[in-house]
Amino acid sequence: MMQDELKKAVGWAALKYIPLGTIVGVGTGSTIAHFIDALATIRNNIKGVVSSSEVSTEKLKSLGILLFDLNDVDSLDIYVDGTDEINSNMQMIKGGGAALTREKVIAAVARQFICIADISKQVQILGHFPLPVEVIPMARAWVTRELINLTGGLPKYRHGVVTDNGNIILDIHHLHILDAITLENIINNIPGVVTVGLFARRRADIALISNPQGIKVMS
């Protein structure tokens, strides 16, 4: 199977986990685009969605799915999102689409976080995919120096990218992440960092991983 077919398969597989009559948290990315297509088929059976990015919001609007502001929602039963890497502990690197901060907020609110991905995203050790960090623009140089000192990795400015929050992205290359929770805490404590794309403290509750043989469920 081609990779996009695997993404489509797992996007539609997530549909059976959606409680009817609820508000659904929706992530960002190419796999989530397929999930949004699937979600549109039951749009009349859910209350609506909370979106993690402007890109997802536009697609949701185009399919007639009702959108809610997170500030108007007391709680979310479920959040569905993709990932750039996921390990066997269901800790993740996210942020390839630059929506990591809003994704992390919605994941924190949701009672259940379902990660959907194709088999290429499953790894033994996180860090092959560059680790995104959202940073306020004035702190870019300072945070870059601190990231080099604290992580030993190589941060690179993602040119031409402005997040939905008006910030910039630094991607840390050459990491070998053995303790994701500790690294998440260290980076998040650097002044000027909005958040790091490590989802270790709030990891996935369920992961659906598609491969040519079918869908593997991790929990």
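Residues numbered from 1 in each chain as written. Predicted model: local features only at pLDDT ≥ 70, side-chain atom pairs only at ≥ 80, totals over all residues. Heavy atoms only, no water.

### Let's talk about the packing of helix 1 (residues 3-13) against helix 2 (residues 30-40)
Close contact between helix 1 and helix 2 brings their axes to 8 Å; oriented N to C, the two are set at 45°. As far as their axial angle goes, helix 2 and helix 1 are oblique. The hand of the helix 1/helix 2 crossing is right-handed. Across the interface between the two elements, Asp4, Lys7, Lys8, Val10, Gly11 and Trp12 of helix 1 pack against Ser30, Thr31, His34, Phe35, Asp37 and Ala38 of helix 2. Residues that form the contact of helix 1 with helix 2 fall into these classes: four nonpolar, four polar and four charged. (Axes fitted to C-alpha atoms, helices over the stretch in contact; angles between N-to-C directions. Helix = DSSP H or I, 4+ residues; strand = E, 2+ residues; numbered from the N terminus. Parallel < 35°, antiparallel > 145°, perpendicular 65-115°, else oblique. Left-handed = near helix turned anticlockwise from the far one by under 90°. Contact = heavy atoms within 4.5 Å. Nonpolar A, V, L, I, M, F, W, Y, C, P; charged D, E, K, R; others polar.)

### Focus: the domain arrangement of the protein
Domain assignment breaks the protein into domain 1 (1-123 + 201-218) and domain 2 (131-197). For domain 1 versus domain 2, the separation of C-alpha centres amounts to 24 Å. Contact with domain 1, which involves 15 residues of that partner, is made by 20 residues of domain 2. Buried surface at the junction of domain 1 and domain 2, both sides included, amounts to about 1300 Å², of which 51% is carbon and sulfur. With a shortest N-O distance of 2.9 Å, Glu184 and Lys104 are connected by a salt bridge. (Domains from an automatic or database assignment. Buried area = accessible area lost by both parts, 1.4 Å probe. Salt bridge = Lys/Arg side-chain N within 4 Å of Asp/Glu carboxyl O.)

### Quick notes on the UniProt feature "active site" (unreviewed entry) in the protein
Cross-referencing UniProt, the feature "active site" (unreviewed entry) maps to Glu103 in the present numbering. Mapping Glu103 onto the fold places it in helix 4 (residues 100-109). Using a relative accessible area of 4% as the deciding quantity, one classes Glu103 as buried. Residues within four places of Glu103 in sequence aside, it is in contact with Thr28, Ser52, Tyr79, Asp81, Lys94, Gly95 and Phe199. (UniProt positions renumbered as here; feature names shortened; annotations may be inferred. Buried < 20%, exposed > 50% of the residue type's maximum accessible area, 1.4 Å probe, protein only.)

### What about the sheet that holds strand 4 (residues 85-86)?
Spatial strand order, 4-5-11: three strands in an open sheet with antiparallel pairing. Pairing within the sheet leaves two strands with one partner each, and these edge strands are strand 4 and strand 11 (198-199). Note: strand 5 (residues 92-93) against strand 11, two bridges, orientation antiparallel. Residue pairing across strands places Met92 opposite Phe199, the latter belonging to strand 11. (Pairing = 2+ DSSP bridges.)

### Points about the pairing of strand 12 (residues 206-211)
Most of strand 12 is tucked away, with six of its six residues classed as buried. Of the two faces of strand 12, the one carrying Ile206, Leu208 and Ser210 and the one carrying Ala207, Ile209 and Asn211 are both buried. Looking at chain direction, strand 6 (residues 110-118) and strand 12 are connected through five bridges and run parallel. Bridge assignment links Ile116 to a residue of strand 12, and that residue is Leu208. Where strand 12 meets strand 13 (residues 214-218), five bridges bridge the pair, whose relative direction is antiparallel. Note on strand 13: the bridge partner recorded for Ala207 is Met218. In textbook terms, the turn of a hairpin is the stretch between consecutive antiparallel strands, and for strand 12 and strand 13 this stretch comprises two residues.

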